[in-house]
Amino acid sequence: KAGVTQTPRYLIKTRGQQVTLSCSPISGHRSVSWYQQTPGQGLQFLFEYFSETQRNKGNFPGRFSGRQFSNSRSEMNVSTLELGDSALYLCASSRTGDNQPQHFGDGTRLSIL
Amino acid sequence: QQPVQSPQAVILREGEDAVINCSSSKALYSVHWYRQKHGEAPVFLMILLKGGEQKGHDKISASFNEKKQQSSLYLTASQLSYSGTYFCGTEGGNTPLVFGKGTRLSVIA
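A.B. asks: Which residues make up the nonpolar core, and what values go with them?
C.D. replies: Ranked by internal contacts, the top residues of the largest apolar core, which has 21 residues, are Trp34, Leu46, Phe64, Met76 and Tyr89 of chain A. The set of elements that each furnish at least two residues to this core consists of β3 (19–24), β4 (31–38), β5 (42–50), β8 (74–78), β9 (87–94) and β11 (108–112) of chain A. Ignoring any residue separated from it by four or fewer positions in sequence, one finds methionine 76 of chain A in contact with Val19, Thr20, Leu21, Trp34, Leu46, Phe47, Phe64, Ser65, Gly66 and Tyr89 of chain A. Membership of the second largest hydrophobic core comes to 20 residues, among which are Leu45, Ala62, Phe64 and Cys88 of chain B.

Take a look at the structure:
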């Protein structure tokens, strides 16, 4: 059974640009969550999608957005990139999202120059 | 609201035991525990639902006290492979899974 796949693995951008990250969940999983990981801050919750609907959103500015498609694949977009957006972005999937184990992808490491 | 983990870091010798604590200021419905090794994705260890149950996973177990809104992860007879950063995650019903800042565990020979 294939795991959670995130693309690309690495990305280098400059300030002001925008970026789109992709996440393909485990087959049969309908919930996808996104997290930002930076040293010392742990895993900061960005948003959760279930059946193409955003179910929860974390405390991040509107520059961070996402969506989920009918096949449960999800994308995350960050516009007007800032230096502070440099981080590892992790995607996790689960069957329904409620009190279920989360399966993480290897993440996309985003570096802003 | 982000749960609080303690300690932030701990160093153990092989065979020693450790306890990692996780507490929340909000009512909890479930607590998750994950381990992340350097350069890898977090890996699910166990989930505890409200009801005060204790779960075990090899020599790693955990408890959940919903009244105190706390959970503890117990690592006994630690092995080198236990090294990594441990995260607790908490859910409060309709709220998403949010994680603490992690506890860095280093096991040395």
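A.B. asks: Would you mind going over the packing of aromatic side chains in detail, with residue names and values included?
C.D. replies: Tallied over the entire structure, the rule returns nine aromatic pairs over all chains. Taken together, a centroid distance of 5.9 Å and an interplanar angle of 45° make the contact between tyrosine 35 of chain A and phenylalanine 104 of chain A tilted. One end of the pair, tyrosine 35 of chain A, is in strand β4; the other, phenylalanine 104 of chain A, is in strand β10 (residues 103–104), with 69 residues separating them in the sequence. Summarising the aromatic geometry, the rings of tyrosine 34 of chain B and phenylalanine 99 of chain B are spaced 5.4 Å apart at their centres and angled 75° between planes, so their arrangement reads as edge-to-face.

A.B. asks: Outline the sheet that holds β3 of chain A, listing residues and values.
C.D. replies: All names here are of chain A. Pairing within the open sheet is antiparallel, and its four strands lie in the order β1-β3-β8-β7. The two strands at the open ends of the sheet, each matched to only one other strand, are β1 (5–7) and β7 (64–68). Direction aside, the axes of adjacent strands within the sheet are offset by 15° on average. Pairing geometry for β1 and β3, over three bridges, is antiparallel. Directly across from threonine 7, in β3, lies its bridge partner serine 22.

A.B. asks: Can you break down the environment of valine 19 of chain B residue by residue, with the values?
C.D. replies: Residues and elements named next belong to chain B. Turning to its location among the elements, valine 19 is positioned in strand β3 (residues 18–23). Relative accessible area serves as the criterion here: at 40%, valine 19 is assigned to the partly exposed category. Taking C-alpha positions, valine 19 is 4.7 Å from tyrosine 74, a pair spaced 55 residues apart along the chain. Those residues in contact with valine 19 that sit more than four places away from it in its chain are Ser6, Pro7, Ser72, Leu73 and Tyr74.

A.B. asks: Explain the pattern of salt bridges to me, and be specific about the residues and the numbers.
C.D. replies: Residues and elements named next belong to chain A. The tally for this structure, following the rule as stated, stands at five salt bridges over all chains. A salt bridge links arginine 63 to glutamate 82; the shortest N-O distance between them is 3.6 Å. Residue arginine 63 is located in the loop between β6 (53–57) and β7, and its partner glutamate 82 is located in the loop between β8 and β9; the two are separated by 19 residues in the primary sequence. Glutamate 82 sits in the partly exposed class, given a relative accessible area of 43%.

A.B. asks: I'd like a rundown of the interface of chain B and chain A, residues and numbers included.
C.D. replies: Facing the 21 residues of chain B at the interface are 20 residues of chain A. Of the roughly 1500 Å² buried between chain B and chain A on both sides combined, carbon and sulfur atoms contribute 57%. Its largest share of buried area at the contact with chain A, chain B owes to Pro42, Pro96 and Phe99 of chain B, together 28% of the area lost on that side. Viewed at the interface, chain A and chain B are joined by zero salt bridges. Inspection of the chain B/chain A interface yields six residue pairs in polar contact (both at pLDDT 80 or more). Secondary-structure elements contributing two or more residues to the side of chain B that touches chain A are β4 (30–36), β5 (43–49), β9 (84–91) and β10 (98–99) of chain B. Counting residues per element, the side of chain B that touches chain A draws most heavily on β4 of chain B, which supplies four residues. Considering only residue class, the side of chain B that touches chain A consists of 12 nonpolar, seven polar and two charged.

Calculation criteria
Residue numbers here run from 1 along each chain, matching the order of that chain's written sequence. Chains carry letters and ligands carry numbers; both start at the beginning, A for chains and 1 for ligands, and go up in the order they are written. With the structure being a predicted model, the display of local features is reserved for residues of pLDDT at least 70 and the display and counting of side-chain atom pairs for 80 or more, all residues being used for whole-chain, interface and lining totals. Note: side-chain values were computed over all heavy atoms of the structure, leaving out hydrogens and water. Residues grouped as a nonpolar core are buried Ala, Val, Leu, Ile, Met, Phe, Trp, Tyr and Cys residues, joined through side-chain atoms within 4.5 Å. Burial classes follow relative accessibility: with a 1.4 Å probe on protein chains only, a residue under 20% of its type's maximum area counts as buried, one over 50% as exposed, and anything between as partly exposed. Helix and strand definitions follow DSSP, with helices as H or I runs of at least four residues and strands as E runs of at least two, each counted in order from the N terminus. The criterion used for residue contact is that any of the two residues' heavy atoms lie within 4.5 Å. For Phe, Tyr and Trp, rings pair up if their centres lie within 6.5 Å, where Trp contributes its six-membered ring, and each pair is then called stacked (planes under 30 degrees apart), edge-to-face (over 60) or tilted (otherwise). Pairing between strands is defined by DSSP: at least two bridges between them are needed. Axis definition: a line fitted to C-alpha atoms, limited for helices to the stretch in contact. Angles are taken between N-to-C directions and run from 0 to 180 degrees. Salt bridges, as used here, are contacts in which a Lys or Arg side-chain nitrogen is within 4 Å of a carboxyl oxygen on Asp or Glu. Take the accessible area each of two parts loses on contact, using a 1.4 Å probe, and add the two losses: that sum is the buried area. We call two N or O atoms a polar contact when they sit within 3.5 Å, provided that within protein one can donate a hydrogen and the other can accept it, with sequence-adjacent residues counted only if both atoms are side-chain atoms. Lys, Arg, Asp and Glu make up the charged group, whereas Ala, Val, Leu, Ile, Met, Phe, Trp, Tyr, Cys and Pro make up the nonpolar group; the residues left over, Gly among them, are polar.

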